[in-house]
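Architecture at a glance
For reference, the chains in residue letters:
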Protein chains: 2
Amino acid sequence: MEEDGLLCPPINQVAGHYAEGGNIGPLIDKAGRFYKPLQNNQRGQHEVEFYEKFWADQTIPPIVQDLFPRFYGTRSVQASDETGMCEYAVIEDLTYHFHHPSVIDIKMGSRTWYPGATEEYIKKCLDKDGQSTSALLGFRLSGLQVYEIATKATWKPGKEWCNALSTEEVRLALKRFVSTNPFSETDPDGSLASFVYGEPGGVLSQLLELKSWFEEQTCFHFSSASILLIYEGDSKSTIQNSPRSGVSVKLVDFAHVINGQNIIDHNFLGGLCSLIKVISQTTADLGKKLPEEPPLTT
Amino acid sequence: MEEDGLLCPPINQVAGHYAEGGNIGPLIDKAGRFYKPLQNNQRGQHEVEFYEKFWADQTIPPIVQDLFPRFYGTRSVQASDETGMCEYAVIEDLTYHFHHPSVIDIKMGSRTWYPGATEEYIKKCLDKDGQSTSALLGFRLSGLQVYEIATKATWKPGKEWCNALSTEEVRLALKRFVSTNPFSETDPDGSLASFVYGEPGGVLSQLLELKSWFEEQTCFHFSSASILLIYEGDSKSTIQNSPRSGVSVKLVDFAHVINGQNIIDHNFLGGLCSLIKVISQTTADLGKKLPEEPPLTT
């Protein structure tokens, strides 16, 4: 691996583990790599094993591989709190190509526990799933940030705010995510919905590709994984080498992936179908509100 | 409604409530109608309301309506234990057109409870879902009967047997369901798989129609409902007026249907995708084992 250059904390992370309360946080380098500290309880090792297995599997089509972060192995480097050396998984920095990324983190599945987990863990997840929208919608928001180009400000509510949303508030948040006035609680314009969600190469078409794969694949069950949606919030910037119209859909968080045992991941797939429906409804509703073309006069 | 004629207990029911232990059981008449006693706790009334709403909804395509029993209203008749009058929901007798129906009852969803149920009810369902294949497979078997034409005998294991199956045993049961030697625990021939599961108009094509509807519909969430698969076990009989090649797919048990609130039923849909995959795998595995055509000689 080439030189890291300077490692520093990522500024565009919207959910997951941060360097706080004695935890060691993630780092990024200048070459587009994200250093994720290996978590305790073998979760970190588990995630590394998933990445190794996933990227070694030659049956996975390239169009599906594009929906996962690249993996560059593990690495021991100075911890973010400078207390010593720490082991990191090195993966693709998903916001590297963006100047002002707007990002939303959607935790998938109506249940975030997996069969066989401890009773205590299941109980904790059941409570969270019932208190958030997971049980009802099949997914919940874990974090988001939206760049407002007019004010050059970023709307970035906290995790607690995200988890407390009702199903209708999740719909509103998905609308604010594609608005040029995301700070508006009552009248977000949703004017980027067609570009971000609807167009060829946009979110919906990428989610449909993911769905096709989940209808077939029986290798992995993704408990507690997230889908990230990312687009360039500063439409005046040029996006460097960014694939697919600058709208990026990526799966992340694989500490609880288990062997699929020849069964499809119906929990993830059900939530994915629900997310596709909700985003389709949002896009269609906004489409209806656009001013109609004036009728042709003869 | 025309005269009932003689009402008698159904002989082809494989799961659900029976006339035993003080319970009033269902009845059938000679005209193809099934009388289901209205259950306590408003469950019966709830099921009636579902049928009324479903059959009044003109947006549901006929191809989907065909996957549900017809509904003929409610009726007060002499109870099956002759203790007095009882209120029944009158629906289509799904095995009416068959001489020796082979039937399997598959309870759908990785969870059989619905958000908002009592904690006690959720706990009971969670236990059952974890102990059966519901949590792992997204569905479980609730009952089955398979007619063996050579011996004129019917294999009909009990509910306890069904609920105790492992995922691999469920696969085997789905193979035995389409075998001419269903009593064989070790070497069922699966020779009816192509006819029952695979052919146009067979189980898989009907399940795919159902899946398309579930990807769109947001009116109903079907907690604890079942899919019945039915075919004529006596291949020498002529099936009277039977639609679609004599293989019937029907949804039943709507006592726990709740309003979808503009969200798709990701729990049912996830289980349905899993069932489609498992049946496809069974059909493909059996197809591979069929003797190959001898190569053409020149």
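Residues numbered from 1 in each chain as written. Chains lettered and ligands numbered in written order. Predicted model: local features only at pLDDT ≥ 70, side-chain atom pairs only at ≥ 80, totals over all residues. Heavy atoms only, no water.

In terms of regular secondary structure, chain A is built from nine helices and 11 strands. Burial statistics for chain A: of 298 residues in total, 54% are counted as buried. Contacts in chain A between residues at least 24 apart in sequence constitute 67% of all its contacts with a sequence separation of at least 6. Carbon together with sulfur atoms contributes 52% to the accessible area of chain A, which is approximately 14100 Å² in total. (Helix = DSSP H or I, 4+ residues; strand = E, 2+ residues; numbered from the N terminus. Buried < 20%, exposed > 50% of the residue type's maximum accessible area, 1.4 Å probe, protein only. Contact = heavy atoms within 4.5 Å. Areas by Shrake-Rupley, 256 points an atom, 1.4 Å probe, with all protein chains shown as cover.)

The next subject is the packing of aromatic side chains. Counted according to the given criterion, the structure contains 52 aromatic pairs over all chains. Consider the rings of Phe 50 of chain B and Phe 222 of chain B, whose centres lie 5.5 Å apart with planes at 80 degrees: the pair is edge-to-face. Here Phe 222 of chain B lies in strand S8 (residues 220-222) and Phe 50 of chain B lies in helix H1 (residues 43-56), a separation of 172 residues in the sequence. Take Phe 222 of chain B: its relative accessible area is 1%, and that puts it in the buried class. Here Phe 222 of chain B and Phe 254 of chain B contribute two aromatic rings whose centre-to-centre distance is 5.8 Å and whose plane-to-plane angle is 70 degrees, an arrangement assigned as edge-to-face. Separated by 32 residues along the polypeptide, Phe 222 of chain B in strand S8 and Phe 254 of chain B in the loop between strand S10 (248-252) and strand S11 (257-259) bring together distant segments of the chain. Accessibility assignment for this pair places Phe 222 of chain B and Phe 254 of chain B in one class, buried. Every member of this aromatic cluster is reached through a ring pair, and the members are Phe 50, Tyr 51, Phe 54, Trp 55, Phe 68, Phe 71, Trp 213, Phe 214, Phe 220, Phe 222, Phe 254 and Phe 268 of chain A. Here the guanidinium or amino end of Arg 111 of chain A rests over the ring plane of Trp 113 of chain A, the centre of that ring lying 5.2 Å away. (Phe/Tyr/Trp six-rings, centres within 6.5 Å; stacked < 30°, edge-to-face > 60°. Lys NZ or Arg CZ within 6 Å of the ring centre and 35° of its normal.)

Residues and elements named next belong to chain A. Overall, antiparallel pairing links the five strands, which are arranged S7-S6-S5-S9-S10 in an open sheet. What marks the edges here is a single partner per strand, and that holds for strand S7 (153-155) and strand S10 (248-252). Sheet twist, expressed as the mean angle between neighbouring strand axes with direction ignored, is 15 degrees. Of the strands in this sheet, strand S9 (226-232) and S10 are in contact with helix H8 (residues 203-216), which crosses S10 at around 40 degrees. (Pairing = 2+ DSSP bridges. Axes fitted to C-alpha atoms, helices over the stretch in contact; angles between N-to-C directions.)

Its location among the elements puts Tyr 96 of chain A in the loop between strand S4 (85-92) and strand S5 (101-108). Beyond its immediate chain neighbours, meaning those up to four positions away, Tyr 96 of chain A contacts Lys 30, Ala 31 and Gly 32 of chain A.

The tally for this structure, following the rule as stated, stands at 20 salt bridges over all chains. Between Lys 123 of chain A and Asp 127 of chain A there is a salt bridge, with its nearest N and O atoms 2.9 Å apart. Here Asp 127 of chain A and Lys 123 of chain A lie together in helix H3 (residues 119-131), a separation of four residues that amounts to about one turn. Given the relative accessible area of 48%, Lys 123 of chain A is considered partly exposed. What makes Asp 127 of chain A partly exposed here is its relative accessible area of 33%. Between Lys 277 of chain A and Glu 216 of chain B there is a salt bridge, and its shortest N-O distance comes to 2.8 Å. Of this pair, Lys 277 of chain A sits in helix H9 (residues 266-289) while Glu 216 of chain B sits in helix H8 (residues 203-216), which puts the two residues in different chains. Looking at Lys 277 of chain A, the relative accessible area reads 14%, which means it is buried. (Salt bridge = Lys/Arg side-chain N within 4 Å of Asp/Glu carboxyl O.)

Before going further, it helps to examine the nonpolar core. Counting 120 residues, the largest nonpolar core has Phe 222 and Ile 227 of chain A together with Phe 222 and Ile 227 of chain B as its most contacted members. Beyond its immediate chain neighbours, meaning those up to four positions away, Ile 227 of chain B contacts Ile 104, Asp 105, Ile 106, Met 108, Leu 207, Leu 210, Val 249, Lys 250, Leu 251, Phe 268, Leu 272 and Leu 275 of chain B. (Core = buried A, V, L, I, M, F, W, Y, C linked by side-chain atoms within 4.5 Å.)

With that settled, the discussion passes to the domain arrangement of chain A. Residues and elements named next belong to chain A. Domain boundaries assigned for chain A yield domain 1 (4-92) and domain 2 (101-285). On a C-alpha basis, the centroid separation for the pair domain 1 and domain 2 is 20 Å. Counting residues at the interface gives 24 residues for domain 1 and 27 residues for domain 2. Together, Val 14, Phe 50 and Leu 67 form the three largest contributors to the area buried by domain 1 at its contact with domain 2, with a combined 30%. Here domain 1 is connected to domain 2 by one salt bridge. Between Asp 253 and Lys 36 there is a salt bridge; the shortest N-O distance is 3.1 Å. Counting every contact that joins domain 1 to domain 2 gives seven residue pairs in polar contact (both at pLDDT 80 or more). Mapped by element, the contributors of at least two residues to the side of domain 1 that touches domain 2 are helix H1 (43-56) and helix H2 (62-65). Among the elements that line the side of domain 1 that touches domain 2, the one with the most residues is H1, at seven residues. When the residues that make up the side of domain 1 that touches domain 2 are grouped by side-chain class, the tally is 13 nonpolar, four polar and seven charged. (Domains from an automatic or database assignment. Buried area = accessible area lost by both parts, 1.4 Å probe. Polar contact = N/O pair within 3.5 Å; in protein donor to acceptor, adjacent residues only side chain to side chain. Nonpolar A, V, L, I, M, F, W, Y, C, P; charged D, E, K, R; others polar.)

Let's shift gears to H8 of chain B. Along its 14 residues, H8 of chain B runs 21 Å from first to last C-alpha, staying within 8% of the 20 Å computed at 1.5 Å per residue. For H8 of chain B, the set of buried residues is Val 203, Leu 204, Gln 206, Leu 207, Leu 210, Lys 211, Trp 213, Phe 214 and Glu 215 of chain B. (Expected span 1.5 Å × (residues − 1).)

Let us now look at the interface of chain B and chain A. For interface size, the figure often reported is the accessible area lost on association. In this assembly, 28 residues from chain B lie in contact with 28 residues from chain A. Carbon and sulfur atoms supply 59% of the area buried between chain B and chain A, which totals about 2200 Å² over both sides. Per-residue buried area on chain B facing chain A is highest for Ile 263, His 266 and Lys 277 of chain B; these three make up 24% of the total on that side. At the boundary of chain B with chain A, the tally comes to four salt bridges. Counting every contact that joins chain B to chain A gives 14 residue pairs in polar contact (both at pLDDT 80 or more).

On to the sheet that holds strand S3 (residues 71-78) of chain A. Residue and element names in this part refer to chain A. An order of S1-S2-S4-S3 is seen for the four strands of this open sheet, with the pairing classed as antiparallel. Of all strands in the sheet, those bounded by a partner on one side alone are strand S1 (27-28) and S3. Note that S3 and S4 share six bridges and pair antiparallel. Looking at the pairing, Thr 74 lines up with Ala 89 of S4. Its contacts with the sheet put H1 on strand S2 (33-37), S3 and S4, and the angle it makes with S3 is roughly 150 degrees.

Attention shifts here to the relation of the copies chain B and chain A. Of the transformation superimposing chain B on chain A, the axial component is 0.0 Å and the angular component is 180 degrees, with the fit at an RMSD of 0.0 Å. Given the turn and translation reported, the copies of this chain are related as if by a two-fold rotation axis. Rotation axis and chain B: the residue whose C-alpha lies nearest the axis is Gly 270 of chain B, separated from it by 2.2 Å. Most of the interface of chain B is mirrored in chain A: 100% of its interface residues are interface residues there too. (Least-squares fit on C-alpha atoms with pLDDT ≥ 70 in both.)

Before going further, it helps to examine the side chain of Arg 140 of chain A. Residues and elements named next belong to chain A. By secondary structure assignment, the location of Arg 140 is in strand S6 (residues 139-148). Within the local environment of Arg 140, its side chain forms a polar contact with the side chain of Ser 132, the two groups lying 3.5 Å apart. Within the structure, the side chain of Arg 140 is placed 2.9 Å from the side chain of Ser 134, a separation counted as a polar contact. Beyond its immediate sequence surroundings of up to four residues, Arg 140 is in contact with Asp 105, Ile 106, Lys 107, Thr 112, Lys 128, Asp 129, Ser 132, Thr 133, Ser 134 and Asn 163.

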